[in-house]
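# Structure at a glance
Listed below, chain by chain, are the residues.
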Amino acid sequence: MQGDDAELTTAVLAAQAGDETAFRTVYRSVHPRLLGYVRTLVGDPDAEDVTSEAWLQIARDLDRFSGDADRFRGWAARIARNRALDHIRMRGRRPVIGGDETELSGRAADSDTAGEAMESLATDSTLSLIAQLPQDQAEAVVLRVVVGLDAKTAAETLGKRPGAVRTAAHRGLKRLAELLGADPEATAALDALPPPREPHGPAVTSAGVTHTRSRTQKDM
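### Considering the overall build of the protein chain
For the protein chain, the helix and strand inventory stands at 10 helices and 0 strands. The helix and strand sequence of the protein chain, counted from the amino end, reads α-α-α-α-α-α-α-α-α-α. Restricting to contacts in the protein chain with at least 6 residues of sequence separation, those with at least 24 account for 79%. With the model as given, the accessible surface of the protein chain reaches about 10,300 Å², and the carbon-plus-sulfur share is 50%.

Set out below in C-alpha cells:
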C-alpha cells in the first residue's frame, strides 16, 4: 500500500473510533478531489453546497464503512454522486459550463494521445473542460484520473461494468487531448495525479447509521 493510502486508511479507522482529528485528516485528503468531481456534475455555483451535504452523510454513515483508502474514496464518491444527482433532479438538468461540446471535437490537436491529457486534469480550467464532455465520459475521467479510483471501484460508483467505464474514460481523454494540445494555457499539471489503481479488497456497504454526535463542516 502506498504511503498516502496507508495514512488515509489509518485515519479512516481512527475516525470511525471517534477521533475528530483523524476525521479532519480524512476530509483534507479527500475533499479537494471530491469537490472537483461534484463540480463536473452540478457546476461551480452549487458544488460547495452539494459536497458539504455529501460530507454530512459521510460523517453520519462512517461507522458502516468497511475497507481501505481506495474503497473509502469510492464510497465517498458514490455518496457525492447521489447528492449531486438529487440536486440535478431538483433543478431540472445538468448545467452547461462554458462553451459546448463541439469545442472538444472540432479543434485540431498537436497530439492524439490520451496519456498527455491525463497529465493536466485538475486545474479549475481543465475541470471546466471536462464538465463539457458527455456526462458518462466526464464522470469516468474524473473518477479515474482526479479522484484516483481503479476501474472496478469507479464502475461500482457509477453502477456500470468496468469495461464501460474504461471505454468512457478513454473517449473522454481523447477529446480532451485534442483541446489541451491546442491550448498551452490548459496544460498546467496537477501537483500529484494519482496513478491508475488496481482493484483490491472486498466491496463496501453503507447504510444510514447516525453517530451520537454528528460532525459539521466546522469540525472538518
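### Some words on the pattern of salt bridges
Think of it this way: side chains of opposite charge can pair up when their charged atoms draw near. Applying the stated criterion across every chain, the model contains 7 salt bridges. Of the charged contacts, one joins Arg81 and Glu139 as a salt bridge, the two residues approaching to 2.6 Å between their closest N and O atoms. With a gap of 58 residues between them, Arg81 in helix 4 (residues 69-91) and Glu139 in helix 8 (residues 135-146) connect regions that are remote in the sequence. Accessibility assignment for this pair places Arg81 and Glu139 in one class, buried. When salt bridges with common partners are traced through the structure, they connect Asp5, Asp70 and Arg73 into a single cluster.

### Digging into helix 8
The end-to-end C-alpha separation of helix 8 is 15 Å, in line with the 16 Å expected for 12 residues at 1.5 Å each. Counting buried positions over the 12 residues of helix 8 gives 10, a clear majority of the element. Every buried residue belonging to helix 8 is among Gln137, Ala138, Glu139, Ala140, Val141, Val142, Leu143, Arg144, Val145 and Val146, and all of these are buried. Of the residues trailing helix 8, Gly148 is marked for its positive phi of about 90°.

### Thoughts on the environment of Ala22
With respect to the helices and strands, the residue Ala22 is situated in helix 2 (residues 20-42). On the accessibility criterion, Ala22 (8% relative accessible area) is buried. A sequence separation of 12 residues divides Ala22 from Thr10, and the C-alpha atoms of the two residues are 8.4 Å apart. Filtering out sequence-adjacent residues up to four positions away, Ala22 remains in contact with Ala11, Ala14 and Ala15.

### Regarding the side chain of Gln137
Secondary-structure assignment places Gln137 in helix 8. Taking the relative accessible area as the measure of exposure, Gln137 reaches 7% and is therefore buried. Setting aside its immediate chain neighbours within four residues, Gln137 contacts Ala168, Arg171, Gly172 and Arg175.

### Here we look at the environment of Lys152
Following the sequence through the fold, Lys152 ends up in helix 9 (residues 151-158). Sequence-wise, Lys152 and Pro162 are 10 residues apart; in three dimensions their C-alpha atoms are separated by 5.2 Å.

### Remarks on the confidence of the model for the protein chain
The share of residues in the protein chain with pLDDT of 70 or more is 64%, and the mean pLDDT across the chain is 74. Counting contacts from residues 183-219, a segment whose pLDDT is below 50, to residues more than four positions away or on other chains yields 85 contacts.

### Examining helix 9
Most of helix 9 sits out of view: 6 of its 8 residues are buried. Residues of helix 9 that are buried include every one of Ala151, Thr153, Ala154, Ala155, Thr157 and Leu158, and no others. Its side-chain oxygen at 3.0 Å from the backbone nitrogen of Lys152, Asp150 defines the N-terminal cap of helix 9. With its phi angle positive at about 70°, Gly159 sits one or two positions after the end of helix 9.

### Digging into the packing of aromatic side chains
Each aromatic ring pair is summarised here by two numbers: the centre-to-centre distance and the angle between the ring planes. This model, assessed by the stated rule, comprises 5 aromatic pairs. Taken together, a centroid distance of 5.2 Å and an interplanar angle of 40° make the contact between Phe65 and Trp75 tilted. Here Phe65, found in the loop between helix 3 (44-61) and helix 4, pairs with Trp75, found in helix 4; they are 10 residues apart in sequence, far enough to count as distant. On the basis of relative accessibility, which here comes to 4%, the residue Phe65 falls in the buried class. Residue Trp75 is classed as buried on the basis of its relative accessible area, which comes to 1%. For the pair Phe72 and Trp75, a centre-to-centre distance of 5.7 Å together with 50° between the ring planes defines the contact as tilted. A residue pair is termed a helical-turn pair when its members lie 3 or 4 positions apart in one helix, as Phe72 and Trp75 do in helix 4 at 3 residues. For the pair formed by Phe72 and Trp75, the shared burial category is buried. Every member of this aromatic cluster is reached through a ring pair, and the members are Phe23, Tyr27 and Trp55.

What counts and how
- Residues numbered from 1 in each chain as written.
- Predicted model: local features only at pLDDT ≥ 70, side-chain atom pairs only at ≥ 80, totals over all residues.
- Heavy atoms only, no water.
- Helix = DSSP H or I, 4+ residues; strand = E, 2+ residues; numbered from the N terminus.
- Contact = heavy atoms within 4.5 Å.
- Areas by Shrake-Rupley, 256 points an atom, 1.4 Å probe, with all protein chains shown as cover.
- Salt bridge = Lys/Arg side-chain N within 4 Å of Asp/Glu carboxyl O.
- Buried < 20%, exposed > 50% of the residue type's maximum accessible area, 1.4 Å probe, protein only.
- Expected span 1.5 Å × (residues − 1).
- pLDDT = per-residue confidence, 0-100.
- Polar contact = N/O pair within 3.5 Å; in protein donor to acceptor, adjacent residues only side chain to side chain.
- Phe/Tyr/Trp six-rings, centres within 6.5 Å; stacked < 30°, edge-to-face > 60°.

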